[in-house]
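# Structural overview for review
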Amino acid sequence: MGLEAEASDADVVRAVLAGDVERYAVLVRRYRDRYARFATRMLGSRDIAEDAVQDALVRAYDRLADCRDPAKFAGWLFLILRNRCFAERRRRQRERPLSPVDDGVAAPDRPDGAYDQLERQRALEQSLGHLTAEQREVFVLKHVEGMAYEEIAQVTGATVASLKMRMHRAYDRLRDLMRGHQ
Amino acid sequence: MIAGYHPLVKQVLDGELSLADLPPELRAEAEEAVRLVQAADRAPVILSSAVEDRVMAVVRGHAASPARRAWRWINAPRDIELRLRVRPWVLWGGALAAAAVLALLLTRPTSSPGPETRVASRDSVLVRFVLYAPGARRVAVAGTFNQWDRSAAPLVPAGTSGVWTTTLALPVGQHQYAFVVDGERWVVDPGAPAVNDGFGRRNSLVAVTAHGTRAL
Amino acid sequence: MNRCSLLLRLIVLAVVPGALAGQDVAKQLDGRVSPDVRKAVVTIAADAAARGLPVAPLVEKAIEGGAKGVPADRVIAAVRTLAGRMGDAMSALRAAGVVAPSGDVVEGGADALNVGLTSSDVRDLVRVSRPPYDASLTLRVAATLVALGVPPDQALQLVNAMIKAGRSPGDLLTLPAEVQAGVGGGATPGQAAAGLARAAAAGRPPVPPGQAKTGKPVNPHRP
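Notes on the structure in this doc start here. (Residues numbered from 1 in each chain as written. Chains lettered and ligands numbered in written order. Predicted model: local features only at pLDDT ≥ 70, side-chain atom pairs only at ≥ 80, totals over all residues.)

Quick look at the interface of chain B and chain A now. Accessible area lost when the parts come together is the quantity often used to give the size of an interface. In this complex, chain B contributes 47 residues to the contact, which on the side of chain A involves 47 residues. Put simply, the parts of the chain that give the side of chain B that touches chain A at least two residues each are helix H1 (7-13), helix H2 (24-38), helix H3 (50-74) and strand S5 (163-171) of chain B. Counting residues per element, the side of chain B that touches chain A draws most heavily on H3 of chain B, which supplies 11 residues. A per-class count over the side of chain B that touches chain A returns 30 nonpolar, 9 polar and 8 charged. (Contact = placed C-beta atoms within 7 Å. Helix = DSSP H or I, 4+ residues; strand = E, 2+ residues; numbered from the N terminus. Nonpolar A, V, L, I, M, F, W, Y, C, P; charged D, E, K, R; others polar.)

All right, on to the environment of Thr160 of chain B then. With respect to the element layout, Thr160 of chain B can be found in the loop between strand S4 (156-157) and S5. Expressed as a C-alpha distance, the spacing of Thr160 of chain B and Pro134 of chain B, which sit 26 residues apart in the sequence, is 8.3 Å.

With that settled, consider helix H8 (residues 135-147) of chain C. All names here are of chain C. The end-to-end C-alpha separation of H8 is 18 Å, in line with the 18 Å expected for 13 residues at 1.5 Å each. In terms of burial, H8 is a largely internal element, 13 of the 13 residues being buried. Gly149 occupies a position one or two residues after H8 and carries a positive phi of about 110°. (Expected span 1.5 Å × (residues − 1). Buried ≥ 20, exposed ≤ 12 C-beta atoms within 10 Å, placed from the backbone.)

The next point concerns unusual backbone geometry. Note on backbone geometry: most residues besides glycine have negative phi, and most peptide bonds are trans. The omega torsion across Pro131 of chain C and Pro132 of chain C is 10°, close enough to zero to call that bond cis. Looking at the secondary structure, you find Pro132 of chain C in the loop between helix H7 (119-128) and H8. A positive phi angle is found at Gln147 of chain B, which is not glycine, with a value near 60°. Even without being glycine, Asp182 of chain B reaches a positive phi, approximately 55°. Asp182 of chain B gets classed as partly exposed once you count the C-beta atoms within 10 Å, which come to 14.

All names here are of chain B. Counting buried residues in strand S3 (residues 139-143) gives 5 out of 5 residues, a clear majority hidden from the surface. Residues Val139, Val141 and Gly143 line one face of S3 and the alternating positions Ala140 and Ala142 line the opposite face, and both faces are buried. Where S3 lies against strand S6 (residues 173-181), 5 bridges are found, and the strand directions are antiparallel. Bridging across to S6, Val139 finds its partner in Val181. (Pairing = 2+ DSSP bridges.)

Before going further, it helps to examine H2 of chain B. Spanning 15 residues, H2 of chain B covers 21 Å between terminal C-alpha atoms, matching the ideal 21 Å at 1.5 Å per step. Residues of H2 of chain B that are buried: Ala30, Ala33 and Leu36 of chain B. Lining the buried residues of H2 of chain B we find helix H7 (117-128) and helix H10 (160-177) of chain A together with H1 of chain B.

Residue and element names in this part refer to chain B. Here S6 lies mainly inside the structure; 8 of its 9 residues are buried. Looking at chain direction, S6 and strand S9 (residues 202-208) are connected through 5 bridges and run antiparallel. Bridge pairing in S9 places Gly173 opposite Val208. One ladder, built from 3 bridges, connects S6 with strand S7 (residues 185-187); its direction is antiparallel. Each bridged residue has a counterpart across the sheet, and for Val181 the counterpart in S7 is Arg185. Hairpin connection, S6 to S7: the antiparallel pair is bridged by 3 residues, and Asp182 has positive phi, about 55°.

Purely geometric stuff here, so don't read any function into it on its own.
Printed below as a string of structure tokens:
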């Protein structure tokens, strides 16, 4: 196992492409959890996120010959997962239009209007579901994953200016959606 | 419809300003905004340990029939002897230098099958590349499917017969490629159609269909 | 700063097919070609895009030249030639009545011109490619046949015969393999193609010269 931990992504990718299918398990183990939080916050459910991560890992294997730089497998896998998250979201929106955010988060009357952290967290999670996929993504990458705008720009291919515009619209939308929970 | 946040408040959220930088009348709004954003769930997520088994089970299924057939072919010495017997000029070669190998590859009739395709998944197909290059120290295949990177897809020797092979998962569509012998000699696949590459050399063609049928 | 976000910071853009529309050409060429080539190709690509031509094949060709160690001026010339060929293909497609050709069809047309088919050949092929025949498929098959050594006239004749006989698009796709099988049986590419065209016209299933079955009955008791 020690040797396995030292093989670089590029080495493992090349070994798999040369026919050593079992080596792919190294990459699966390495990346199983790395993007799990991103997928969970994008899709709103750990179980759905798990499906998405699994699908992305399988798709990454199928398309391994397309990975232009084996040393950058991580970023390439992330993009596959990102697409998968967007597709999942589109599918769910077709099947089930989102219910209004107040469903199930009815606020008991409190004099000072304050909520404990957990309820606010739940309310925010539900509100995130009402953002566009791009707004949700920039919010998750910046405020959950802690990335700077420049890094998000590199990863998503959008410009910093358009990302900020998206994010600022998201802030306003979230404020509106969360107005019962401040 | 509630008003949006003040632009300066948004800059605090973006991390470009601190609360202390704001005029007093905006502090309350900023604190509300920060509370909202900080409500995001940042806990790391650990997925089930079964993920690895599930993924590898599917991956093995995708690799299964075609790759196993390819490996069986590679490891069957009898098959390879038959191939050599059919082409007597190969036996005369003896220990061939790379240059001589090239001459053979360019002049012998195209009786080898070229790349072989099998279905791997919905939209990619496993394609097996084969090159006979007994004097080579290393062989790779480079093409439009891997940005012509000559280290991305090395071939491995199939026993000691001088045959090199690899299997790649390629997307459906048409691809151009060539073999790279010893890191610097670009060689077309004698079993495939060839087109001008625009640089005075030739590239080989492989067309991959969704049905995995062998097509050029 | 947690480990997850630190690791994400190490992500550098890796292009996934179709994942990023409007990719920056210069970015794709960075580190793969010389600065001179990059500069020239950016211009050629911008011009091509403005004319509605696909840009990806130009970037691919430049990267290929870089990987093959081809001198800068020859890479630039090849990319320029390819852009010109795609432009010619576009004109041929418009002449065939295609108002807004897709990138696939333009590339197919350029491939056909690359192997020596003429603009009128391209135009004629596109004209006969009504559904279920896809123009990019017909062009690709014709180009591959010529790349195998079938004389252009015969390649066109074969494709036309198959379409006229109502053969499936899948049958068209296997033509190159069948020509190769015929060559393996001792025919020249032209002879193999001619044989297949005759078979198509006569309504027979395609069997290239040298591959005809002997018709011996199979003994069911043979182990």
